[in-house]
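Close look at the chain arrangement
So the chains spell out like this:
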Protein chains: 2
Amino acid sequence: MKILIVVAHPKIDDSSSQAFFKAGAKLVENATWHPLVEPFDVREERELLMAADRVILQFPLYWYQAPSILPKWLNEVWSVDFASHLKGKQLAVVLTLGRQLQDYQPGAAVGVTLSDLLSPYVALANTCEMTWVPPLVVAQFARMTEPQRQSLLIRYQQFLSLADTHFQTISQWWVDALRKHPEAGQLAETLQERQDHLESLRQAVKEAQDDE
Amino acid sequence: MKILIVVAHPKIDDSSSQAFFKAGAKLVENATWHPLVEPFDVREERELLMAADRVILQFPLYWYQAPSILPKWLNEVWSVDFASHLKGKQLAVVLTLGRQLQDYQPGAAVGVTLSDLLSPYVALANTCEMTWVPPLVVAQFARMTEPQRQSLLIRYQQFLSLADTHFQTISQWWVDALRKHPEAGQLAETLQERQDHLESLRQAVKEAQDDE
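Residues numbered from 1 in each chain as written. Chains lettered and ligands numbered in written order. Predicted model: local features only at pLDDT ≥ 70, side-chain atom pairs only at ≥ 80, totals over all residues. Heavy atoms only, no water.

When helices and strands are tallied, chain A shows nine helices and six strands. Along the three orthogonal principal directions, the C-alpha set of chain A runs to about 55 × 40 × 40 Å. With 212 residues in all, chain A has 44% of them scored as buried. Counting contacts in chain A only where the partners sit at least 6 residues apart, residues at least 24 apart contribute 72% of the total. Of the roughly 11,400 Å² that chain A leaves accessible, carbon and sulfur atoms contribute 52%. Charge centroids of chain A, computed over 19 positive and 26 negative side chains, lie 6 Å from each other. (Helix = DSSP H or I, 4+ residues; strand = E, 2+ residues; numbered from the N terminus. Buried < 20%, exposed > 50% of the residue type's maximum accessible area, 1.4 Å probe, protein only. Contact = heavy atoms within 4.5 Å. Areas by Shrake-Rupley, 256 points an atom, 1.4 Å probe, with all protein chains shown as cover. Lys, Arg positive; Asp, Glu negative; His and termini not counted. Charge placed at Lys NZ, Arg CZ, Asp CG, Glu CD.)

Written as structure tokens, this is what we have:
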């Protein structure tokens, strides 16, 4: 699966979270890191989009909207005619927030939900007949502890590349990731054995249910 | 009440709906027509905002968001520090749509609601402690008949200037509007008489209820 990460951030070089994500994306096969820079080469942008299976829009919220470069890019690059080429691809958002998550609910400081605020992108997926993938939301990156960042790195890499979030898919991701590190080879084998064992148990349960 | 109409439209001179609204706004006392043009004079923009009692953001949707000049203006002009000066003012949106209204619901072509899509502005009002006024939504202006446009003109002028949409407020607006036209003076008087009569009936009903 080819992954295009479209990063909309006006000061990307000053952003510690984007630097973190960039390093994480480098380790993901077939992932292209693509920060938006004006002026756009419309032809080139469209080629990148057409080559991708999963398009990820990655941005912070400024006054509850994406930075203005993102709607500008959408208007210049995603013409209604061109959008037909995107049919069947996946669309996902990686959202970074300066505020804490609990502010985004009725009665709290912001008073609207993140689902509300992301609705333009859901609508975009709907009308382009793309498949909407539930977003990855990262709140207050700057305040994260080192263990939290390690966990986020894994979640981000899985978010970029995994087809779904089923237990089996995530287990297999770990087996593949561990096999790349010779010193963790034994761990990968143990994990694979456990996973095979779990799978045979799952089959046995299924057969027992079918017999009823 | 001072009204600031902030118009975000990349081709405002080609827009028949914006030309229509501009002509309508000219007839409204204390309304300032203010199309956004880059680069922004931040100081001037802030003075306009501070002088207003009601700030109206007026824009079409492009891929379900305001044209990029609006988030850009928000980011340059409405700093978090400045936003404290806007506390207590009213915030409203005039939205123009190329699509029909019924597309904006779950299961329809767009699949999200206009309340969802306007949520960034509701959140803006919430965090700036401004009063959110329910929006005026104008769908498919280009297809409107002449009587529909006449009706829209009245609704737009009332939307700009009225404190609320109570029956009495709207009646009084008509009386005031008709009095400006000498040839309609008699009509204004009749309307005023009827309204006075209605008011006395309303009082009588209220007194009867209080007696119970």
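There is more to say, and it comes next.
This part takes up the pattern of salt bridges. Residues and elements named next belong to chain A. Applying the stated rule across the entire model yields 14 salt bridges over all chains. A salt bridge links Asp-103 to Arg-99, with the shortest nitrogen-to-oxygen separation between them at 3.0 Å. Of the residues examined, Arg-99 reaches a relative accessible area of 28% and is grouped as partly exposed. Notably, a salt bridge pairs Lys-206 with Asp-210, separated by 3.6 Å at the nearest N-O pair. Of this pair, Lys-206 and Asp-210 both sit in helix H9 (residues 185–211), four residues apart, which is roughly one turn of the helix. Using a relative accessible area of 42% as the deciding quantity, one classes Lys-206 as partly exposed. Judged by its relative accessible area of 54%, Asp-210 falls in the exposed class. (Salt bridge = Lys/Arg side-chain N within 4 Å of Asp/Glu carboxyl O.)

Buried within helix H3 (residues 69–77) of chain B we find Ile-69, Leu-70, Pro-71, Trp-73, Leu-74 and Val-77 of chain B. Check the buried side of H3 of chain B and you find it contacts helix H3 (69–77) of chain A together with strand S1 (3–7), helix H2 (42–51), strand S3 (54–60), helix H4 (80–83) and helix H6 (119–127) of chain B.

Time to look at the pairing of strand S6 (residues 136–139) of chain A. Residue and element names in this part refer to chain A. Only one face of S6 is covered, namely the face carrying Leu-136 and Val-138; the face carrying Val-137 and Ala-139 is uncovered. Inspection of the sheet shows strand S4 (residues 90–97) paired to S6 by four bridges, in the parallel sense. Residue pairing in the sheet places Thr-96 in a bridge with Val-138 of S6. (Pairing = 2+ DSSP bridges.)

Okay, the interface of chain A and chain B next. The interface is formed by 30 residues belonging to chain A together with 30 residues belonging to chain B. Three residues, Trp-63, Gln-65 and Thr-127 of chain A, lead the burial of chain A against chain B; their summed loss comes to 29% of the area buried on that side. Applying the counting rule to chain A against chain B returns zero salt bridges. Broken down by element, the side of chain A that touches chain B gets its largest block of residues, eight residues, from helix H6 (residues 119–127) of chain A. Of the residues that constitute the side of chain A that touches chain B, the class distribution is 19 nonpolar, eight polar and three charged. (Buried area = accessible area lost by both parts, 1.4 Å probe. Nonpolar A, V, L, I, M, F, W, Y, C, P; charged D, E, K, R; others polar.)

Our next topic: the domain arrangement of chain A. Residue and element names in this part refer to chain A. Each domain of chain A was delimited in the assignment, giving domain 1 (3–163) and domain 2 (166–212). Placing the centre of domain 1 and that of domain 2 at their C-alpha centroids yields a distance of 31 Å. The interface is formed by five residues belonging to domain 1 together with four residues belonging to domain 2. On the domain 1 side of the contact with domain 2, Ile-154, Gln-158 and Leu-162 bury the most area, a combined 74% of that side's loss. Taken together, the connections running from domain 1 to domain 2 amount to zero salt bridges. Counting the contacts that link domain 1 with domain 2 gives zero residue pairs in polar contact (both at pLDDT 80 or more). Across the side of domain 1 that touches domain 2, the residue classes tally to two nonpolar, three polar and no charged. (Domains from an automatic or database assignment. Polar contact = N/O pair within 3.5 Å; in protein donor to acceptor, adjacent residues only side chain to side chain.)

Residue and element names in this part refer to chain A. By secondary structure assignment, the location of Gln-18 is in helix H1 (residues 16–26). Assessed through its relative accessible area of 2%, Gln-18 is described here as buried. Those residues in contact with Gln-18 that lie beyond four places of it in its chain are Val-7, His-9, Ile-12, Trp-33, Gln-58 and Thr-96.

Both copies of the chain are placed relative to one another by a rotation about an axis and a shift along it. Each copy superposes on the other: chain A lies on chain B with an RMSD of 0.0 Å after a rotation of 180° and an axial shift of 0.0 Å. Each copy turns onto its partner about a two-fold axis. A share of 100% of interface residues in chain A that are also interface residues in chain B marks the association as one of identical surfaces. (Least-squares fit on C-alpha atoms with pLDDT ≥ 70 in both.)

What follows covers empty space enclosed by the protein. On inspection of all chains with the given rule, the structure shows one cavity of 30 Å³ or more. Roughly 110 Å³ of volume is contained in the largest cavity. For the largest cavity, the lining is made up of 16 residues, of which Gln-65 and Pro-120 of chain A together with Gln-65, Leu-117 and Pro-120 of chain B are closest to its centre. Sorting the residues of the lining of the largest cavity by element identifies H6 of chain A together with H6 of chain B as the ones contributing at least two each. Its residues placed into classes, the lining of the largest cavity shows 14 nonpolar, two polar and no charged. (1 Å grid on protein atoms, 1.4 Å probe; cavity = no way out; pocket = protein on both sides within 12 Å on 5 of 7 lines; lining within 4 Å. Points joined across faces, edges and corners; volume = space filled by probe spheres on them.)

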